[in-house]
Amino acid sequence: MAYSTPPRSPAESPFAQSPRPPRRGRGGELFGKIFLVALVLALGAGAIYAVNWLSHPAPPTPPGPTGPPPFEVPPLDVARGSAIPGPATPVPAAQTAAPRENFQGWIKRVAYYTDVPERVLVAYANADLAYQARNPACHLTWATLAGVGRVESKHGRYGGASVLASGEESKPIIGPALDGSPGFLAVPDTDKGALDGDATWDHAVGPMQFAPATWRRWGVRASGDGKAPDPQNIDDAAMTAGRYLCAMGGDLAVPKDWWDGVLAYNNSTAYGQDVFSNADAYGKVSLGRL
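Residues numbered from 1 in each chain as written. Predicted model: local features only at pLDDT ≥ 70, side-chain atom pairs only at ≥ 80, totals over all residues. Heavy atoms only, no water.

Asks: Which parts of the structure should I look at to understand helix 2 (residues 103–113)?
Replies: Helical geometry note: an α-helix holds 3.6 residues per turn, so side chains three or four residues apart project in the same direction. Turning to helix 2, its buried residues number three or more, namely Phe103, Trp106, Ile107, Val110 and Ala111. Along the long axis of helix 2, the arc covered by the buried residues comes to 120 degrees, so they all point the same way. Residues of helix 2 that are buried sit in contact with helix 3 (118–134), helix 4 (142–153) and helix 8 (269–286). (Buried < 20%, exposed > 50% of the residue type's maximum accessible area, 1.4 Å probe, protein only. Helix = DSSP H or I, 4+ residues; strand = E, 2+ residues; numbered from the N terminus. Arc of directions from axis to C-beta. Contact = heavy atoms within 4.5 Å.)

This is the structure we're talking about:
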């Protein structure tokens, strides 16, 4: 049947479809596919990086220098003549067949935890062993020798010196002139400057700080090679200090005798307390108690 009104155009019809968008060329399709693949790859790479970062975090900051804890000596206000320093580990005899800790191992361990250089500790230890054999009744210990050595020259390091592998000082240690100035005795020259280079006043010499006259009386040549004892040699100085302490004290396991021996070096209670504190600290370190 025919309508009397004219028909609507497709655009006016309520049932008409939207116009179809123009078709892309093949180049546009290819670009889109490439972009999509690139995006997927990028996302995949990011995911792999994230997994790797989470499973392998950045390495920690390297630690600082390692080494022994600082060696400190607590000052002990011990009364003069009232006590001796605490015990110390005995020096292992070098000739022991199967010791729990051999001589060199002991040297390395004790030197590591203290301020005593290995070469100096060897001299103290050898003097300890020598007097155990020669004069066991004296009860000399390496810790007491180290206590004296720390006060007298910081184990041969006074004035920037050091003890060489030979046992000699890198440069002679010469103490102040004993000219009667405040804090010092007046000791006129006794050796024409042979040991201290001063023909007017004496000076204490070497790592264990012996006055020339005292050295002439008590000096010992540790090596036994027939040469004159050398106060600038740590082996001779330590052996001489042991001889002197035993002679001046007697039995260093007895409080009065220990103090008599140490104060023969310097007749001052403060000096004796310094040596006591040092020796006690060295003993504790050797036993793992400090």
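Asks: For this particular structure, what's the right way to read the environment of Glu169?
Replies: Mapped onto the secondary structure, Glu169 falls in the loop between helix 4 and strand 1 (174–177). Linking Glu169 and Pro231, residues 62 residues apart in sequence, is a C-alpha distance of 9.5 Å. Every residue in contact with Glu169, bar those within four places of it in the chain, is listed here: Gly156, Ala161, Ser162, Val163, Leu164, Pro207 and Gln232.

Asks: What's the story with the nonpolar core in this structure? I'm lost.
Replies: Proteins that are soluble and globular tend to have nonpolar side chains buried together. One finds Trp106, Leu121, Tyr124, Leu140, Trp142, Met208 and Tyr265 to be the most contacted residues of the largest nonpolar core, which totals 52 residues. Sorting the residues of this core by element identifies helix 2, helix 3, helix 4, helix 5 (212–218), helix 6 (234–249), helix 7 (255–263) and helix 8 as the ones contributing at least two each. With nine residues, helix 3 is the single largest residue contributor to this core. In this structure Leu140 touches Ala127, Asp128, Tyr131, Leu145, Gly242, Leu245, Cys246 and Leu252, once residues within four positions along its chain are discounted. (Core = buried A, V, L, I, M, F, W, Y, C linked by side-chain atoms within 4.5 Å.)

Asks: Can you help me understand the packing of aromatic side chains in this one?
Replies: Given two aromatic rings, one states the distance between the centres and the angle between the planes to describe the pair. Summed over the entire model, instances satisfying the criterion amount to 11 aromatic pairs. Consider the rings of Tyr112 and Tyr113, whose centres lie 4.9 Å apart with planes at 90 degrees: the pair is edge-to-face. Assessed through its relative accessible area of 39%, Tyr112 is described here as partly exposed. Residue classification places Tyr113 among the partly exposed residues on the basis of a relative accessible area of 40%. Centroid distance Trp258 to Phe276: 5.6 Å. Interplanar angle 85 degrees. Geometry classified as edge-to-face. In this pair, Trp258 is assigned in helix 7 and Phe276 in helix 8, connecting sequence segments 18 residues apart. A single burial state applies to Trp258 and to Phe276, both of which are buried. Clustering of aromatic rings is evident, with ring pairs tying together Phe210, Trp215, Trp218, Tyr244 and Tyr265. For Arg217, the ring lying beneath its charged end belongs to Trp218, and the centroid distance is 4.0 Å. (Phe/Tyr/Trp six-rings, centres within 6.5 Å; stacked < 30°, edge-to-face > 60°. Lys NZ or Arg CZ within 6 Å of the ring centre and 35° of its normal.)

Asks: Sorry if this is basic, but what is going on with the side chain of Thr240 here?
Replies: Structurally, Thr240 is set in helix 6. On the basis of relative accessibility, which here comes to 0%, the residue Thr240 falls in the buried class. Among all residues touching Thr240, those that are not within four sequence positions of it are Phe210, Trp215, Trp218, Gly219 and Val220.

Asks: Explain the layout of surface pockets here, please?
Replies: A probe matching the size of a water molecule, rolled over the atoms, marks out where space remains unfilled. Space inside the largest pocket adds up to approximately 600 Å³. What lines the largest pocket is a set of 21 residues, among which Leu178, Ala204, Gln209, Tyr265 and Asn266 lie closest to the centre. Every element with two or more residues in the lining of the largest pocket is listed here: helix 4 and strand 1. Its residues assigned to classes, the lining of the largest pocket shows 14 nonpolar, six polar and one charged. (1 Å grid on protein atoms, 1.4 Å probe; cavity = no way out; pocket = protein on both sides within 12 Å on 5 of 7 lines; lining within 4 Å. Points joined across faces, edges and corners; volume = space filled by probe spheres on them. Nonpolar A, V, L, I, M, F, W, Y, C, P; charged D, E, K, R; others polar.)

Asks: Just checking my understanding: could you explain the confidence of the model for the chain for this structure?
Replies: Caution applies to low-pLDDT regions: their predicted coordinates should not be interpreted in detail. On average, residues of the chain score 84 in pLDDT, and 75% of them reach the 70 mark or higher. Confidence drops under pLDDT 50 across residues 1–25; counting only partners more than four residues distant or on other chains, this segment forms three contacts. Confidence over residues 45–59 falls short of pLDDT 50; this stretch has zero contacts with residues more than four positions distant or in other chains. (pLDDT = per-residue confidence, 0-100.)

Asks: Whenever I open this one, the state of the cysteines confuses me. Can you help?
Replies: A covalent bond between the sulfur atoms of two cysteines is referred to as a disulfide. According to the stated counting rule, one finds one disulfide in the structure shown. Disulfide partner of Cys138: Cys246, at an S-S distance of 1.9 Å. Looking down the S-S bond of the Cys138 and Cys246 bridge, the torsion is -90 degrees, so its handedness is left-handed. On the criterion of sequence distance, the pair formed by Cys138 in the loop between helix 3 and helix 4 and Cys246 in helix 6 is long-range, its members being 108 residues apart. (Disulfide = S-S within 2.5 Å.)

Asks: Please clarify how the packing of helix 6 against helix 7 should be interpreted in this entry.
Replies: A pair of packed helices is captured by two measures, namely the crossing angle of their axes and the spacing between those axes. Between helix 6 and helix 7, the least distance of the axes is 7 Å, while the angle of their chain directions is 125 degrees. Put simply, helix 6 runs oblique to helix 7. For the pair helix 6 and helix 7, the sense of crossing is right-handed. Judged by residue contacts, Leu245, Met248 and Gly249 of helix 6 engage Asp257, Asp260, Gly261 and Val262 from helix 7. Residue composition of the contact of helix 6 with helix 7, grouped by class: three nonpolar, two polar and two charged. (Axes fitted to C-alpha atoms, helices over the stretch in contact; angles between N-to-C directions. Parallel < 35°, antiparallel > 145°, perpendicular 65-115°, else oblique. Left-handed = near helix turned anticlockwise from the far one by under 90°.)

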